[in-house]
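In case you want the letters, here they are:
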Protein chains: 2
Amino acid sequence: MNAHHQTPPARQQRGKTRDLILKTARTLFNERGEANVTLAHIAEHLGISEGNVWYYFHSKRDMILTLFVELEARVERNLTGDLTKIDQMQQFEDILAQSFHDMWDYRFLYRDHVNWSMDQPALNERLAVLTQRGHCAVESLLERMVQLHLLHMKEGDRSQLATNVWIVTRYWLDHCQERAAHHQITQAEMSEGIAQVYALVQPYLLA
Amino acid sequence: MNAHHQTPPARQQRGKTRDLILKTARTLFNERGEANVTLAHIAEHLGISEGNVWYYFHSKRDMILTLFVELEARVERNLTGDLTKIDQMQQFEDILAQSFHDMWDYRFLYRDHVNWSMDQPALNERLAVLTQRGHCAVESLLERMVQLHLLHMKEGDRSQLATNVWIVTRYWLDHCQERAAHHQITQAEMSEGIAQVYALVQPYLLA
């Protein structure tokens, strides 16, 4: 079927189909690796024609860009806000748990960036910005915990701890996937990841 | 040129060409991502015919397997040995530094495994074994440091610390590449990675 000859669907249906295509693309990229998935695979998975996919996204490049913008928005939503309003341990935990979930949902963007960024270096720069964003947020959160007398540490130690917290947070899911050569992370593994991050902070906690 | 009609080169030259092809493949896989490199790219980079490459390796699959076996041998060389003979901090540092270098030299195997393992799941299992090997080695080394009264910690803390040491060691290079969207790791970044691992152990050190 030639994509140019498709009848444009009604607007509401269009939005629904577009969302479904994006969600399927994200799932397949996550599960099979971005390099192993084509527009045809996505169409086949949805039981629609490749032309229908093409109506919404002309290339994987377009899809990846759209998914990247979604991830950026999610990260912003989680990390924006007045840090000085945070005053309980539970709030730190919530932000950490949300970070794990966001990274899991868009993990191919992190994991496969060497592949997809080859023909869109500008997006790779934005990934680096997002990485810095996460890293800085960890540093600010630790600083706030020190202010609240939840943590006690030297200024220099804080920067190194922030880097280690970021690395364990960022790569926990990769580690889980690699250690067992399996594909679905369990809720128990998510909790285990959060416990690993706590273990980093633990020696500096004021009981 | 048809590969089947190549005149077989002399044995010594064969070994040399084979090594050169492997080294070039490893470099290109590392720098461009395995999915973006073909046998033709490797031939072009070496200024030889694709048929000549084909004489040594019929597919990328063959190359990846050979490179994987090289990595396994390197890891074994670094981690095998009688741990009870280790009695100085310097020896722990040497093993750590060597681990960083080995992972750097074969980083595409770790980083791109979602791609290359699609058609060789058995090799993905072996990567999981190698990961477990590294993780266990960290745990044994920490145990030895406790025996030598270099470290002081509870049994349960040791296991969590071992996991965090492994994650920071394993993903340090990925983190460096991601935070700056650049491609060559400097010696300073290697040293910074080692310092980050020390920072993990530091709260448990007995001065």
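See the structure above.
Along each chain, the written sequence defines residue order, and numbers are assigned to residues from 1. Chain letters start at A and ligand numbers start at 1, both assigned in the order the entries are written. In view of the model being predicted, local features appear only for residues whose pLDDT reaches at least 70, and side-chain atom pairs are presented and counted only at 80 or more, with totals across whole chains, interfaces and linings using the full set of residues. Values reported for side chains reflect all heavy atoms of the structure, with hydrogen atoms and water molecules removed beforehand.

## Section: the pattern of salt bridges
Cut-off, in case you're wondering: When a carboxyl oxygen of Asp or Glu is within 4 Å of a side-chain nitrogen of Lys or Arg, the pair counts as a salt bridge. The way it works is that DSSP assigns letters per residue, a run of H or I at least four long becomes a helix, a run of E at least two long becomes a strand, and they are numbered from the N terminus. Burial classes: relative accessible area under 20% of the type maximum marks a residue as buried, over 50% as exposed, and values in between as partly exposed (1.4 Å probe, protein chains only).
For the structure shown, the criterion picks out 22 salt bridges over all chains. R126 of chain B is the salt-bridge partner of E72 of chain B, the closest N and O atoms lying 2.8 Å from each other. In this pair, E72 of chain B sits in helix 4 (residues 60-79) while R126 of chain B sits in helix 8 (residues 121-147), placing the two residues 54 residues apart along the sequence. For E76 of chain B, the salt bridge identified is with R133 of chain B, shortest N-O distance 2.7 Å. Of the two residues, E76 of chain B sits in helix 4 while R133 of chain B sits in helix 8, which places them 57 residues apart along the sequence. The class for R133 of chain B is partly exposed, based on a relative accessible area of 26%. The network of salt bridges with common partners includes R74, D102 and D105 of chain A.

## A look at the packing of helix 5 (residues 89-105) of chain A against helix 9 (residues 155-180) of chain A
All names here are of chain A. Selection criterion: To define axes, lines are fitted to C-alpha atoms, for helices over the stretch in contact only, and angles between the resulting N-to-C directions are given on a 0 to 180 degree scale. An angle below 35 degrees is treated as roughly parallel, one above 145 as roughly antiparallel, one from 65 to 115 as roughly perpendicular, and anything else as oblique. Left-handed is the label given to a crossing in which the near helix is rotated counterclockwise from the far helix by less than a right angle, and right-handed is the label when the rotation is clockwise. Working rule for contacts: check all heavy atoms of both residues, and any pair within 4.5 Å makes them a contact.
At a closest axis distance of 9 Å, the pairing of helix 5 and helix 9 adopts a crossing angle of 55°. One way to sum up the angle between helix 5 and helix 9 is to call them oblique. The handedness of the crossing between helix 5 and helix 9 is right-handed. Counted together, L96, S99, F100, M103 and W104 of helix 5 and T169, R170, W172, L173 and Q177 of helix 9 form the full contact between these two elements.

## Things to note about the packing of aromatic side chains
Spelled out, the test is: Two aromatic rings, drawn from Phe, Tyr or Trp (for Trp, its six-membered ring), form a pair once their centres lie within 6.5 Å of each other, and the interplanar angle then sorts them: stacked below 30 degrees, edge-to-face above 60, tilted otherwise. The rule for a charge over a ring is simple: NZ of Lys or CZ of Arg within 6 Å of the ring centre, and within 35 degrees of the ring normal.
On inspection of all chains with the given rule, the structure shows seven aromatic pairs over all chains. With 4.9 Å between their ring centres and 55° between their planes, F29 of chain A and F108 of chain A make a pair best called tilted. Residue F29 of chain A is located in helix 1 (residues 11-32), and its partner F108 of chain A is located in helix 6 (residues 107-111); the two are separated by 79 residues in the primary sequence. Per residue, the accessibility class of F29 of chain A equals that of F108 of chain A, and both read buried. Judged by centre distance (4.9 Å) and plane angle (80°), the ring pair of Y55 of chain B and Y56 of chain B falls under edge-to-face. Given the relative accessible area of 15%, Y56 of chain B is considered buried. One Lys or Arg, R26 of chain A, reaches over the ring of Y106 of chain A and ends 4.8 Å from the middle of that ring.

## Thoughts on the side chain of E34 of chain B
Within the secondary structure, E34 of chain B is located in the loop between helix 1 (11-32) and helix 2 (39-46). Not counting chain neighbours up to four residues away, the residues in contact with E34 of chain B comprise F29, K60, I64, F108, D112, N115 and W116 of chain B.

## A look at the layout of surface pockets
Where we set the bar: A pocket, in this scheme, is an open set of points on a 1 Å grid over the protein atoms alone with protein on both sides within 12 Å along at least 5 of 7 lines, while a cavity is a set where a 1.4 Å probe fits but cannot get out; residues line either one if an atom lies within 4 Å of a point. Grid points are joined across faces, edges and corners, and a volume is the space filled by probe spheres set on the points. Each residue gets one label: Ala, Val, Leu, Ile, Met, Phe, Trp, Tyr, Cys and Pro are nonpolar, Asp, Glu, Lys and Arg are charged, and the others, such as Gly, are polar.
Estimated volume of the largest pocket: approximately 260 Å³. In terms of lining residues, the largest pocket is bounded by 20 residues, among which A199, L200 and P203 of chain A together with L200 and P203 of chain B are the most central. Of all the elements in the fold, those that place two or more residues in the lining of the largest pocket are helix 9 and helix 10 (187-201) of chain A together with helix 9 (155-180) and helix 10 (187-201) of chain B. Taken together, the residues of the lining of the largest pocket sort by class into 12 nonpolar, six polar and two charged.

## With respect to the side chain of R170 of chain A
With respect to the helices, strands and loops of the structure, R170 of chain A is situated in helix 9. The exposure class of R170 of chain A is buried, given its relative accessible area of 3%. Residues within four places of R170 of chain A in sequence aside, it is in contact with M103, Y110 and R111 of chain A together with E178 of chain B.

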